[in-house]
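Inside the fold
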Amino acid sequence: MRTTLYHGEPNGPSLTVLATLFAKEVPAELVRIDLARGERHALPCAREPLVAMSIEGEGPVLVADGEAMTDSVFIACYLDDVGRGPALRPADPYERWQTMTWCRQTIERTAPAAAYLGCRAHPPGAAAADHLGDSRTKIRQAVDRIEKQIDGRQWLMGTFSIADLESYAWLAGMVPLVPEAFAARPRTASWLARVKASPAVARALSLARTPDPAASWSVGPEINRWG
Amino acid sequence: MPDVTLYHWEPNANSGKPMLALMEKGVAFNSHYLDLLSFDQHQPEYLAVNPQGTIPAMLHGERVLTESTAIMEYVDEVFEGPRLMPADPRDRWRVRWWMKLMDQWLGPSFSMIGWKVFVGPAVRDKDPKELRAAIERIPLPERRVAWRKAISGQFGAEELEESRRRVALGIRMLEEELARRPWLASDQYSLADINGFNLAYALPVVWPELSNDELTPHILRWLRTIYARPATKACWAMGRTSMAKRVAILEQPHTTPGQPA
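How each quantity is defined
Residues numbered from 1 in each chain as written. Chains lettered and ligands numbered in written order. Predicted model: local features only at pLDDT ≥ 70, side-chain atom pairs only at ≥ 80, totals over all residues. Helix = DSSP H or I, 4+ residues; strand = E, 2+ residues; numbered from the N terminus. Rg over C-alpha atoms; globule rule 2.2 N^0.38 Å. Buried ≥ 20, exposed ≤ 12 C-beta atoms within 10 Å, placed from the backbone. Contact = placed C-beta atoms within 7 Å. Axes fitted to C-alpha atoms, helices over the stretch in contact; angles between N-to-C directions. Parallel < 35°, antiparallel > 145°, perpendicular 65-115°, else oblique. Left-handed = near helix turned anticlockwise from the far one by under 90°. Nonpolar A, V, L, I, M, F, W, Y, C, P; charged D, E, K, R; others polar. Core = buried A, V, L, I, M, F, W, Y, C linked by C-beta atoms within 7 Å. Pairing = 2+ DSSP bridges. Right-handed = clockwise from strand over helix to strand, strands pointing away. Domains from an automatic or database assignment. Expected span 1.5 Å × (residues − 1). Arc of directions from axis to C-beta.

1. Some details on the overall build of chain A
The secondary structure content of chain A amounts to 9 helices and 4 strands. Across chain A, helices and strands are ordered from the amino to the carboxyl terminus as β-α-β-α-β-β-α-α-α-α-α-α-α. Computed over its C-alpha atoms, the radius of gyration of chain A comes to 16 Å, within 12% of the 17 Å expected for a compact globule of 227 residues. Along the first, second and third principal axes, the C-alpha set of chain A runs to 45 × 40 × 40 Å. The buried share among the 227 residues of chain A stands at 49%. Put simply, 72% of the contacts in chain A that link residues at least 6 apart link residues at least 24 apart.

2. Topic: the packing of helix α4 (residues 89–124) of chain B against helix α7 (residues 157–180) of chain B
Residue and element names in this part refer to chain B. For the pair α4 and α7, interaxial distance at closest approach is 9 Å and the crossing angle is 125°. Compared by their axis directions, α4 and α7 come out oblique. Relative to α7, α4 is oriented so that their crossing is left-handed. In this structure, α4 uses Trp105, Leu106, Ser109, Phe110, Met112, Ile113 and Lys116 to contact α7, whose residues at the interface are Glu159, Leu160, Ser163, Arg166, Val167 and Gly170. Among the residues making up the contact of α4 with α7, the classes are represented as 7 nonpolar, 3 polar and 3 charged.

3. Some details on unusual backbone geometry
The peptide bond linking His122 of chain A to Pro123 of chain A adopts the cis configuration, its omega dihedral lying at -5°. In this chain, Ile55 of chain B is followed by Pro56 of chain B through a cis amide linkage whose omega measures 5°. Looking at the element boundaries, Pro56 of chain B is found in the loop between α2 (44–47) and β3 (57–60). Phi angles above zero are rare outside glycine, and Ala13 of chain B is one such case at about 45°. Here Ala13 of chain B shows up in helix α1 (residues 13–25). Ala13 of chain B gets classed as buried once you count the C-beta atoms within 10 Å, which come to 21.

4. Brief notes about the nonpolar core
When a protein is soluble and globular, its nonpolar side chains tend to lie buried together. Counting residues in hydrophobic clusters, the biggest one holds 117 residues, and the most contacted among them are Ala19, Ala76 and Ala114 of chain A together with Trp98 of chain B. Ranked by residue count, the leading element in this core is helix α4 (residues 93–121) of chain A, at 11 residues. Residue contacts for Ala114 of chain A: discarding those within four places in its chain leaves Ile139, Trp170, Leu171, Gly173, Met174 and Gly220 of chain A. Core analysis: the next-biggest nonpolar cluster, separate from the first, contains 8 residues, Met112, Ala146, Trp147 and Ile151 of chain B among them.

5. Points about the interface of chain A and chain B
Residue-level contacts link 25 residues of chain A with 28 residues of chain B. Elements supplying a minimum of two residues to the side of chain A that touches chain B: α2 (49–52), β4 (67–69), α3 (72–82) and α4 of chain A. Per element, the largest residue contribution to the side of chain A that touches chain B is 8 residues, and it comes from α4 of chain A. Partitioning the side of chain A that touches chain B into residue classes produces 15 nonpolar, 3 polar and 7 charged.

6. Things to note about the pairing of strand β3 (residues 61–64) of chain A
All names here are of chain A. What you see with β3 is no split at all: Val61 and Val63 on one side and Leu62 and Ala64 on the other are buried throughout. The sheet contact formed by strand β1 (residues 3–7) and β3 spans 4 bridges and is antiparallel. Residue Leu5 lies in a different strand from β3, and its bridge partner there is Leu62. Here 3 bridges tie β3 to β4, and the two strands are oriented antiparallel to one another.

7. Describing the pairing of strand β2 (residues 29–32) of chain A
All names here are of chain A. In this structure, β1 lies alongside β2, joined through 4 bridges in parallel fashion. Its bridge partner being in β2, His7 is matched across the sheet by Arg32. Once you follow β1 into helix α1 (residues 12–23) and on to β2, the crossover reads as right-handed.

8. Quick look at the domain arrangement of chain B
All names here are of chain B. Domain annotation of chain B identifies domain 1 (4–78) and domain 2 (89–251). Computed over C-alpha atoms, the centres of domain 1 and domain 2 are 18 Å apart. The partner domain 2 presents 26 residues to the 24 residues of domain 1 that form the contact. Of all the elements, α1 adds the most residues to the side of domain 1 that touches domain 2, at 8 residues. Classifying every residue of the side of domain 1 that touches domain 2 gives 12 nonpolar, 7 polar and 5 charged.

9. Some points on the packing of α4 of chain A against helix α6 (residues 162–171) of chain A
Residue and element names in this part refer to chain A. Between α4 and α6, the least distance of the axes is 10 Å, while the angle of their chain directions is 10°. As summarised for this structure, α4 and α6 are arranged roughly parallel, according to the angle between their axes. Contacts between α4 and α6 pair Thr99, Trp102, Cys103, Thr106, Thr110, Ala111 and Ala114 from the former with Ile162, Ala163, Glu166, Ser167, Trp170 and Leu171 from the latter. The residue makeup of the contact of α4 with α6, split by class, is 8 nonpolar, 4 polar and 1 charged.

10. Focus: helix α8 (residues 186–197) of chain A
Helical geometry note: an α-helix holds 3.6 residues per turn, so side chains three or four residues apart project in the same direction. Residues and elements named next belong to chain A. Under the 1.5 Å per step criterion, the end-to-end length of α8 is 17 Å for 12 residues, consistent within 8% with the ideal 16 Å. Buried within α8 are the following residues: Thr188, Trp191, Leu192 and Val195. The arc that holds every buried residue of α8, seen down its axis, measures 105°, which confines them to one face. Facing away from the buried surface of α8 by more than 90 degrees, the exposed residues are Pro186, Ser190, Ala193 and Ala197. Tucked inside the fold, the buried residues of α8 contact α5 (132–149), α6, α7 (179–182) and α9 (199–205).

Set out below in structure tokens:
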């Protein structure tokens with residue numbers, strides 16, 4: 001099977017997919033694109049509906065046997081199904097449900113806030129300030145949730161999973177931008193360090209071409225329109 | 001007594017998703033009907049089950065599950081019965097992609113319009129003091145905003161127009177996808193179809209100018225096929241209002257072209 005991953009700097013959804021690819025030992029051709037410059041829209045698959053209409057925003061694209069796939073959590077589930085590396089979702093169906101609801105909260109609440117704050121800070125002031133307060137609250141809530149969840153365990157779902165990768169990928173760049181969210185959160189701090197040091201994430205981060213990949217952002221999912 | 005209890009409203013939208021999945025799997029469950037329009041979901045008895053006050057929620061033994069789409073994946077994995085997720089990993093990816101589009105993009109556009117024309121007016125005549133108290137009890141701030149907007153008819157012209165644009169585009173996307181395959185995301189009936197049907201069954205009634213036998217024959221074929229399934233009929237029999245009772249156009253035999261290419 002021929003697999004190609006079009007990805008940006010190892011941050012946000014590109015980091016989730018790169019790390020999953022490495023953890024699952026899926027052989028793939030890696031093609032670097034500049035997501036912030038819209039290079040995704042010049043790909044041969046860009047006009048396919050499931051690429052063009054991906055609501056993740058400017059995220060990576062995995063092409064497997066001609067099928068172009070988007071949305072980092074679902075690409076990660078696909079890689080978890082096909083790869084030979086250790087499972088990245090728990091075996092128990094209830095814990096799998098927890099993993100999927102955790103990721104759903106992350107992509108629906110944390111990711112839009114993080115992408116907005118990241119884009120606004122890099123370069124500074126690039127977006128209007130209207131969602132600032134709400135987005136910072138969402139980051140605080142995400143960190144609170146992790147601090148609570150990680151109590152007495154190494155990883156969010158007990159074993160290393162897609163939930164760790166997706167949460168880390170959106171939050172690593174928030175530490176300098178929303179410092180109050182991470183203050184006095186010792187369990188979150190050690191969890192962030194553990195995820196960063198995990199072999200798959202470390203390998204993904206080693207692909208960075210900028211000194212601080214966590215400062216590399218492109219347009220993310222839209223902020224909830226209502227309710 | 002079954003060890004599954006489902007807290008749900010009418011057999012459509014988010015409530016209808018786990019209901020239909022359970023029916024398709026042949027899983028018996030205790031039904032606990034909550035009247036959304038009477039704010040049953042924000043009463044202390046239900047908040048003790050689901051502190052977020054969202055519908056639906058499912059109890060399986062001691063386990064409490066929320067989030068309708070994730071509940072459906074759980075139901076499919078844990079119970080015997082026909083598999084509602086395809087075996088092929090790429091098909092599974094497609095099922096999840098379409099469910100996300102419906103849950104996070106198309107669904108909110110449908111429901112903004114649905115709440116404006118149905119939910120808002122349905123509760124607006126209640127005693128204002130009682131309504132205010134009911135809204136104050138809602139745990140999630142986003143849901144409080146949604147209810148206030150629906151009740152006071154505060155949706156802006158621009159946001160309603162954007163929702164209409166998305167509905168029209170979503171209908172075109174569904175039609176194109178269903179022209180390619182017999183089912184929404186794969187060649188077998190799956191959770192994506194259950195999700196999609198619960199969102200889209202009323203399309204030809206609510207949006208007849210956008211979805212009809214001439215313009216969207218594949219959508220009509222798809223809806224009629226799901227409408228006729230025994231599980232759908234059993235599910236709809238649990239409805240208490242006219243929301244999911246009968247859709248005459250889906251009872252007509254499908255005569256126009258609509259088979260996938």
